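Fold and geometry: a report
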Amino acid sequence: MYRILEKKEIAMRNTWYKVHAPHVAKKVKPGQFVIVRAFSNGERIPLTPVMWDEKEGWIVLVVFTRGKTTARMAAELKEGDHILNVAGPLGNPAEMKKFGKILAIGAYTGIVEVYPIAKAWQELGNDVTTLHVTFEPMVVLKEEMEKAVERHVVETVPIDPNLDFPTNMKNVTKRLVVKVREMLERGDYDLVFMVGPSGDQKAVFEVVKEFGVPMKADLHPIMVDGTGMCGACRVTVGGEVKFACIDGPEFDAYQVDWDVLIARSGYYTDMEQRAFREYMKLFEQASQGGE
Ligand code: FAD
Ligand code: FES
Ligand code: MG
């Protein structure tokens with residue numbers, strides 16, 4: 001059992017959990033993740049230790065409220081409660097070496113996964129610029145990033161209440177692509193790295209490719225066990241089948257079959273949306289004192 005030492009909402013739909021998990025804090029390296037099972041009747045989801053303290057034995061997770069499980073975590077877990085299981089660290093650490101000038105991009109909550117990697121790259125002597133593109137009320141870790149890297153750029157897009165969510169998200173993608181192009185035109189980067197929705201990663205890759213800059217991306221297919229056993233996280237890289245949990249999550253963006261990744265990520269959307277709606281209905285009834 002993993003005690004929640006601290007829980008706070010740090011931006012709209014972004015919750016910070018400081019969790020006592022000494023075995024993870026002792027071993028985790030930037031780029032690795034954990035698989036969390038928060039509830040006995042709940043599913044397992046991958047999350048990323050954003051910061052940690054080996055001596056005190058804690059890790060910090062920042063979680064975007066996306067569907068049923070993350071909404072349940074935000075609504076039902078309190079400081080002092082316990083998370084049932086935190087398995088890890090899993091996956092391969094990010095490649096740590098002197099690349100030179102790096103542009104590390106996070107779309108939405110993806111920036112929290114960029115944070116430990118960008119910080120470590122900077123500490124190794126790289127010149128790291130980070131770019132966070134998100135909706136206006138969803139900016140996170142701005143001060144931490146500013147301290148950790150050479151320069152941190154935040155680009156926000158307002159949420160237009162007259163537009164549906166997918167259209168609002170398209171506005172974020174547009175801003176992301178324009179900003180990345182502008183930065184690549186001005187800077188002489190040796191590496192681009194990105195974490196975010198696969199559609200946005202693909203859109204950024206199309207721009208980066210024009211400039212011929214090497215690019216790495218942390219991929220986010222559905223993961224279940226995180227140990228290479230279930231096959232859920234299959235991705236096609238360099239024409240071969242890879243498992244993102246054990247072969248990744250970091251891959252060469254030029255080798256990734258983005259269309260397969262995007263198609264596979266949407267396989268369960270209908271079921272996920274139904275589960276989320278049903279949970280929210282029950283949650284609202286319970287909050288109003290109903291059944
Ligand atoms: P659902 O409604 O069930 O799903 C919504 C969408 O989330 C799905 O369409 C799918 O794209 C994704 N998703 C759902 N289940 C999984 C799963 N088991 N594995 C991967 N993706 C899934 N999110 C954060 O907010 N913070 C993090 O630090 C973070 N780190 C991640 C690290 C890795 C290596 C991966 C693969 C994902 C990470 N995610 C992180 C994404 C997070 O796992 C999903 O947002 C979460 O599983 C959604 O669960 P849900 O039930 O709330 O949403
Ligand atoms: Fe099961 Fe990768 S999550 S094989
Ligand atoms: Mg889910």
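Here's what I pulled together on the structure shown here. From a predicted model like this one, the values you see are computed outputs, not experimental measurements.

Structural notes on the environment of I262
- Of note, I262 is situated in helix α8 (residues 258–265).
- Residue I262 is classed as partly exposed on the basis of its relative accessible area of 33%.
- In the structure, I262 is positioned 151 residues away from I111 in sequence and 20 Å away in space, judged by C-alpha atoms.
- Setting aside anything within four residues of it in sequence, one finds I262 in contact with S198, G199 and K202.

Brief notes about the packing of aromatic side chains
- Throughout the structure, instances matching the rule amount to 6 aromatic pairs.
- Their ring planes at 85° and their centres at 5.3 Å tell us that W121 and F193 sit as a pair that is edge-to-face. With a gap of 72 residues between them, W121 in helix α3 (residues 110–123) and F193 in strand β12 (residues 191–195) connect regions that are remote in the sequence.
- In this structure W121 comes out as buried when scored by relative accessible area, which is 0%.
- Since its relative accessible area comes to 0%, F193 is described here as buried.
- Ring pairing ties together the aromatic residues F99, W121 and F193, which thus form one cluster.
- Stacked on the ring of W58, the Lys or Arg K18 has its end atom at 4.6 Å from the ring centre.
- The side chain of R72 reaches across the aromatic face of F39, ending 3.9 Å from its centre.

Focus: the pattern of salt bridges
- Throughout the structure, instances matching the rule amount to 17 salt bridges.
- For E76, the salt bridge is made with R72, and the minimal N-O distance between the two is 3.3 Å. Note that E76 and R72 are positioned in helix α2 (residues 68–76) at a spacing of 4 residues, about one turn of the helix.
- Exposure remark for E76: the relative accessible area of 31% places this residue in the partly exposed category.
- Of the charged contacts in the structure, one is a salt bridge between R151 and D127, with a shortest N-O distance of 3.2 Å. Of this pair, R151 sits in strand β11 (residues 151–157) while D127 sits in strand β10 (residues 127–135), placing them 24 residues apart in sequence.
- On the accessibility criterion, R151 (35% relative accessible area) is partly exposed.
- The network of salt bridges with shared partners includes E155, R175, K179, E182 and R186.

Details of the pairing of strand β4 (residues 44–47)
- Where burial is concerned, the two faces of β4 differ: the one with I45 and L47 is buried and the one with R44 and P46 is not.
- Across 4 bridges, strand β3 (residues 33–37) lies against β4 in antiparallel orientation. Bridge pairing in β4 links V36 to I45.
- Between the end of β3 and the start of β4, which pair antiparallel, lie 6 residues.

Reading guide: rules and limits
Residues numbered from 1 in each chain as written. Chains lettered and ligands numbered in written order. Predicted model: local features only at pLDDT ≥ 70, side-chain atom pairs only at ≥ 80, totals over all residues. Heavy atoms only, no water. Helix = DSSP H or I, 4+ residues; strand = E, 2+ residues; numbered from the N terminus. Buried < 20%, exposed > 50% of the residue type's maximum accessible area, 1.4 Å probe, protein only. Contact = heavy atoms within 4.5 Å. Phe/Tyr/Trp six-rings, centres within 6.5 Å; stacked < 30°, edge-to-face > 60°. Lys NZ or Arg CZ within 6 Å of the ring centre and 35° of its normal. Salt bridge = Lys/Arg side-chain N within 4 Å of Asp/Glu carboxyl O. Pairing = 2+ DSSP bridges.

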